[in-house]
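This is what each chain is made of:
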Amino acid sequence: MTHWRIVVAELMERGVDIHDPETRSRPWLGVRALIFSLIDSDTRLRAALRRDTDGKADGR
């Protein structure tokens, strides 16, 4: 949840407004798949998650 704002921004850039009632009325699995696709692609979310992992591995 630390990077939720990045998730929201990345989805908005892809035309998905998770705060839109129409989006919220759809099954969660579709939105979840979109979020996972952000991790699988070259995105700001993936970069942020990698920074977090690197920082913990380095003891920062």
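Up top you'll find the structure we're talking about.
All of the points below concern the structure found in this document. (Residues numbered from 1 in each chain as written. Predicted model: local features only at pLDDT ≥ 70, side-chain atom pairs only at ≥ 80, totals over all residues. Heavy atoms only, no water.)

Turning our attention to the pattern of salt bridges. This model, assessed by the stated rule, comprises four salt bridges. Arg14 is the partner of Glu10 in a salt bridge, and the nearest nitrogen-oxygen pair spans 3.0 Å. Accessibility expressed as a relative area gives 3% for Glu10, which makes it buried. A relative accessible area of 44% means that Arg14 is categorised as partly exposed. For Arg26, the salt bridge identified is with Glu22, shortest N-O distance 3.1 Å. (Salt bridge = Lys/Arg side-chain N within 4 Å of Asp/Glu carboxyl O. Buried < 20%, exposed > 50% of the residue type's maximum accessible area, 1.4 Å probe, protein only.)

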